[in-house]
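Structural overview
The chain contents come next:
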Amino acid sequence: MKEIAITSVEDGDSRVGVTRSDLVEAWSLLENLVCSLDRIGSRHGQEPGEAYDPERSKEFYEAIGRFVAERELIDRLVETRGKLGDYLSDDEAENLTERIAYWHERK
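Here we summarise the structure given alongside this text. (Residues numbered from 1 in each chain as written. Predicted model: local features only at pLDDT ≥ 70, side-chain atom pairs only at ≥ 80, totals over all residues. Heavy atoms only, no water.)

Regarding the packing of aromatic side chains
- Evaluated as defined, the whole model comprises one aromatic pair.
- Here Phe60 and Tyr61 contribute two aromatic rings whose centre-to-centre distance is 5.0 Å and whose plane-to-plane angle is 70 degrees, an arrangement assigned as edge-to-face.
- Judged by relative accessible area, Phe60 falls into the partly exposed class, the value being 22%.
- For Tyr61, a relative accessible area of 56% gives the class exposed. (Phe/Tyr/Trp six-rings, centres within 6.5 Å; stacked < 30°, edge-to-face > 60°. Buried < 20%, exposed > 50% of the residue type's maximum accessible area, 1.4 Å probe, protein only.)

Observations regarding helix H2 (residues 54-68)
- For H2, with 15 residues, the first-to-last C-alpha span of 21 Å sits near the 21 Å given by 1.5 Å per residue.
- Among the residues making up H2, those that are buried are Ser57, Ala63 and Phe67. In a view along the axis of H2, the buried residues occupy a sector of 125 degrees, so they form one face of it. Exposed residues lying more than 90 degrees from the buried face of H2 are Pro54, Tyr61 and Arg66.
- Packing partners of the buried residues in H2 comprise helix H1 (20-44) and helix H3 (71-85). (Helix = DSSP H or I, 4+ residues; strand = E, 2+ residues; numbered from the N terminus. Expected span 1.5 Å × (residues − 1). Arc of directions from axis to C-beta. Contact = heavy atoms within 4.5 Å.)

Some words on a negative patch on the surface
- The grouping of Asp90, Asp91, Glu94 and Glu98 at the surface amounts to a negative patch.
- On the accessibility criterion, Asp90 (68% relative accessible area) is exposed. (Patch = residues over 30% accessible without salt bridge, like charges linked within 9 Å, V, L, I, M, F, W, Y side chains within 5 Å. Areas by Shrake-Rupley, 256 points an atom, 1.4 Å probe, with all protein chains shown as cover. Salt bridge = Lys/Arg side-chain N within 4 Å of Asp/Glu carboxyl O. Lys, Arg positive; Asp, Glu negative; His and termini not counted. Charge placed at Lys NZ, Arg CZ, Asp CG, Glu CD.)

As for the packing of H1 against H3
- Close contact between H1 and H3 brings their axes to 10 Å; oriented N to C, the two are set at 140 degrees. If you check the angle between H1 and H3, you find them oblique. When the axes of H1 and H3 are compared, the crossing they make is left-handed. Where H1 abuts H3, its residues Asp22, Glu25, Ala26, Ser28, Leu29, Asn32 and Leu33 lie against Leu73, Arg76, Leu77, Glu79, Thr80, Lys83 and Leu84.
- Grouping the amino acids of the contact of H1 with H3 by side-chain chemistry returns six nonpolar, three polar and five charged. (Axes fitted to C-alpha atoms, helices over the stretch in contact; angles between N-to-C directions. Parallel < 35°, antiparallel > 145°, perpendicular 65-115°, else oblique. Left-handed = near helix turned anticlockwise from the far one by under 90°. Nonpolar A, V, L, I, M, F, W, Y, C, P; charged D, E, K, R; others polar.)

Quick word on the environment of Thr19
- Considering the arrangement of structural elements, one finds Thr19 in strand E2 (residues 15-19).
- Residue Thr19 is classed as buried on the basis of its relative accessible area, which comes to 16%.

What to know about the pattern of salt bridges
- Counting across every chain of the model gives five salt bridges.
- In this structure, the salt-bridge partner of Lys58 is Glu62, at a minimum N-O distance of 3.6 Å. One end of the pair, Lys58, and the other, Glu62, are both in helix H2, four residues apart, so they sit about a helical turn from each other.
- Residue class for Glu62 comes out partly exposed when judged on its relative accessible area of 37%.
- Put simply, Asp75 and Arg71 hold a salt bridge, and the shortest N to O gap is 2.9 Å. Placement of both Asp75 and Arg71 in helix H3 is noted, with a separation of four residues, approximately one turn of the helix.
- Three or more residues joined by partner-sharing salt bridges are found here, namely Glu25, Glu79 and Lys83.

Quick look at the structure:
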């Protein structure tokens, strides 16, 4: 399988070889997320300056919830994360996870 060099997350000067299939899989998943969320926003979101509509807001959040809760999407995210994680050392992965702003419930 052909390998492609991409810039490392940790050091902009180092490179890591990634299989083309892993790169395409990760890019396709990100493309799906970004475009789908944009479409949901276009369909259900409110325009700047538009009067707040609680029903439209509810539909917006329900559509996002349905999309991100799809079993196939979750499975693809887990699988792709695992594949990309294989390119990182355990120490590098741990360092990265300590800097990620994970979701937390707002009070």
